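Structure at a glance
Here's the letter readout for the chains.
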Amino acid sequence: MKEARAASLQVLERLEEAGFQAYWVGGCVRDELLGREPTDYDVTTDAPPGKVQSLFAKTVATGIRHGTVTVLIHRQAVEVTTFREETGYEDHRHPGQVQFVKRLETDLARRDFTINAMARDRRGRLIDPFGGRKDLRSQVVRAVGEAEERFREDALRMVRALRFCAQLGFRLDEQTEAALIRQKSLLRHLAVERVTQELEKLWATDKPSQGIRPLWEMGLFPHLPPFTQWDDHIGRPAIPVEEMDRQMGRWTRWALFLHLCGVPPKESGTHLRSFRLPATDVEIIASVHRLGLDWHLTPEEGSTGKQLLLSHGREKLTSALETAAVIHRWGPEEEEEMRRALLRWQQEMPVHHLRQLRVNGRNLVEATGREPGPWTGRVLDILLKKVALGELPNETEALIEEGCRLVQPGS
Ligand code: ATP
Ligand code: MG
């Protein structure tokens, strides 16, 4: 990330040389003050977008109408946004008009939370008109200005507030929380994609429960898309919400979240699609959920375990294991033993994929003299299983011989 910071510093220097104001702003200022590594280094300036484009050799007009230009320095992308003011919010989700302004403070005032409304110049001077630094010290997420109005302008800020609490281990300021509860019905205006994006960011934190628990406790689900479109109503969490804080990957977090919401595995696909997740994710997560809930495998059942590894792959099966450990309340030793067994089976297996098999469909067609067809896939799968389980060597001759035997009538 050193390169990203250095690239953004170059951008600040160039803008200043050209006579403009330029600052780091938002998440990167917050994260550096907290001693956390920023995910990206955003820059804000009074230079109009056209000017930004002309000052740098390589730029992309990312959101030029809203004042955002991406500047490319070597291979680093730096987002540069012109100071702006947003007015005339429509549908509680986007501003009707965006005006470019001359004062940094005006730009900071449109930002959501005090901890996100600070800027820093390249000499390290902090511009903090809303007490963000103090709130960082007391670990509070507080809306900039009138919380109720800020949530009315853009309802996503309510979800973001909870996400920042989880991400940073902060709590909500009292008035911000009261406003959230009063304005929760506005959540229904949100585009599902924006909610999903916030959930994804929540899954990437150490303690998603800190974002998820308030969703229940404040009664937000009945107002939040896509939950509003689910036929079934979300009751009490099926397992303690804190279970989501165990160390686990993104697929497991989604699968457990569905479980928490009381979604039965046969309906996970439909529910996952309602978040507009990519089709591949839907398929994988639904299968992780089902495998986790139906888990019967024990560390002694090497043959079954290896077959599961063949059909699902190690990553998916590990995710299912993590899901099972929570749902079936395994102890840490039990989980560790199961993990070790998976690893051992994986290492014992001479092959894991069809492409590692020393025979292919064409070889089988030639050796048997049969017409090509779906039968080759079926035979290859059987051969793969036999090799993986150590019943057959991965040698072309032996594989072809076994393949021919398998297609003989009566075998
Ligand atoms: P992270 O990238 O770690 O998730 P971030 O603070 O950088 O956190 P972004 O979503 O990347 O969050 O937004 C960058 C900045 O833009 C924020 O710090 C905030 O100042 C402002 N911002 C983003 N979304 C909103 C919003 N919905 N309303 C007001 N300001 C916003
Ligand atoms: Mg960011």
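Calculation rules
- Residues numbered from 1 in each chain as written.
- Chains lettered and ligands numbered in written order.
- Predicted model: local features only at pLDDT ≥ 70, side-chain atom pairs only at ≥ 80, totals over all residues.
- Heavy atoms only, no water.
- Core = buried A, V, L, I, M, F, W, Y, C linked by side-chain atoms within 4.5 Å.
- Buried < 20%, exposed > 50% of the residue type's maximum accessible area, 1.4 Å probe, protein only.
- Helix = DSSP H or I, 4+ residues; strand = E, 2+ residues; numbered from the N terminus.
- Contact = heavy atoms within 4.5 Å.
- Disulfide = S-S within 2.5 Å.
- Domains from an automatic or database assignment.
- Near = heavy atom within 4 Å.
- Polar contact = N/O pair within 3.5 Å; in protein donor to acceptor, adjacent residues only side chain to side chain.
- Areas by Shrake-Rupley, 256 points an atom, 1.4 Å probe, with all protein chains shown as cover.
- 1 Å grid on protein atoms, 1.4 Å probe; cavity = no way out; pocket = protein on both sides within 12 Å on 5 of 7 lines; lining within 4 Å.
- Sits in = over half its atoms within 2 Å of the grid points.
- UniProt positions renumbered as here; feature names shortened; annotations may be inferred.
- Pairing = 2+ DSSP bridges.
- Axes fitted to C-alpha atoms, helices over the stretch in contact; angles between N-to-C directions.
- Points joined across faces, edges and corners; volume = space filled by probe spheres on them.
- Nonpolar A, V, L, I, M, F, W, Y, C, P; charged D, E, K, R; others polar.

Description of the nonpolar core
The nonpolar side chains of a soluble globular protein tend to be buried, and buried together. Counting 82 residues, the largest nonpolar core has Leu-15, Ile-212 and Phe-257 as the members making the most contacts within it. When residues of this core are assigned to their parent elements, the largest contribution, nine residues, is made by helix α7 (residues 156-168). When residues no more than four places from it in sequence are discounted, the contact partners of Phe-257 are Leu-199, Trp-203, Ile-212, Phe-221, Phe-227, Met-244 and Phe-275.

Considerations on the state of the cysteines
A covalent bond bridging the sulfur atoms of two cysteines is what the word disulfide describes. One pass over the structure, following the stated rule, counts zero disulfides. In this structure Cys-165 is a free cysteine whose sulfur lies 19 Å from that of Cys-261, the closest cysteine sulfur available. By relative accessible area, which is 5% here, Cys-165 ends up buried.

Remarks on the domain arrangement of the chain
Examined at the domain level, the chain breaks down into domain 1 (1-138), domain 2 (140-227), domain 3 (230-349) and domain 4 (354-407). One C-alpha centre belongs to domain 1, the other to domain 3; they are set 40 Å apart.

Section: the site of ligand 1
Neighbouring ligand 1 are 15 residues, the closest being Arg-30, Asp-154, Arg-157, Arg-160 and Arg-163. Residue Gly-27 places a main-chain N or O atom 3.3 Å away from an oxygen atom belonging to ligand 1. Here Arg-160 contributes a side-chain N or O atom positioned 2.9 Å from an oxygen atom of ligand 1. Taking 580 Å² as the accessible area of ligand 1 by itself, protein coverage stands at 81%. Using a 2 Å cut-off from the grid points, one finds that ligand 1 occupies the largest pocket.

A closer look at the UniProt feature "domain: Poly A polymerase head" (unreviewed entry) in the chain
As recorded in UniProt, the sites labelled "domain: Poly A polymerase head" (unreviewed entry) are residues 22-142. Regarding residues 22-142, the helix share stands at 22% and the strand share at 37%, and the terminal C-alpha atoms are separated by 25 Å.

Examining the sheet that holds strand β1 (residues 22-25)
Each strand in a sheet pairs with its neighbour through backbone hydrogen bonds, running either in the same direction (parallel) or in the opposite one (antiparallel). Taken together, seven strands build an open sheet; the order of strands is β3-β4-β5-β2-β1-β8-β9 and the sheet is mixed. Of all strands in the sheet, those bounded by a partner on one side alone are β3 (59-63) and β9 (126-127). Here strand β4 (residues 68-73) pairs with strand β5 (residues 76-82) via six bridges, running antiparallel. When the bridges of β5 are listed, Thr-68 appears paired with Thr-81. Its contacts with the sheet put helix α2 (residues 27-34) on β1, β8 (119-120) and β9, and the angle it makes with β1 is roughly 65 degrees.

Notes on the side chain of Lys-306
Position of Lys-306 among the secondary structure elements: in helix α14 (residues 302-312). If we skip the residues at most four places from it in the chain, Lys-306 touches Trp-345, Glu-348, Met-349, Ala-388 and Leu-389.

Let's talk about empty space enclosed by the protein
This model, assessed by the stated rule, comprises two cavities of 30 Å³ or more. The computed volume of the largest cavity comes to approximately 50 Å³. Taken together, Val-159, Leu-162, Arg-163, Glu-198, Leu-199, Leu-202, Gly-211 and Leu-215 make up the lining of the largest cavity. Listing elements by their share of the lining of the largest cavity, those giving two or more residues are α7, α9 (192-203) and α10 (209-217). Across the lining of the largest cavity, the residue classes break down as five nonpolar, one polar and two charged. What the second largest cavity holds in volume is close to 30 Å³.

Points about the layout of surface pockets
Looking at the largest pocket, its volume works out to about 1,600 Å³. Forming the walls of the largest pocket are 43 residues, and the residues nearest its centre are Asp-42, Arg-111, Asp-112, Arg-160 and Lys-201. Secondary structure elements with two or more residues in the lining of the largest pocket: α2, β3, β5, β6 (84-90), β7 (94-100), α7 and α9. Among the elements that line the lining of the largest pocket, the one with the most residues is α7, at six residues. In the lining of the largest pocket, the residues fall into nine nonpolar, 13 polar and 21 charged. Here the lining of the largest pocket spans two domains, and each of domain 1 (1-138) and domain 2 (140-227) adds at least three residues to it.

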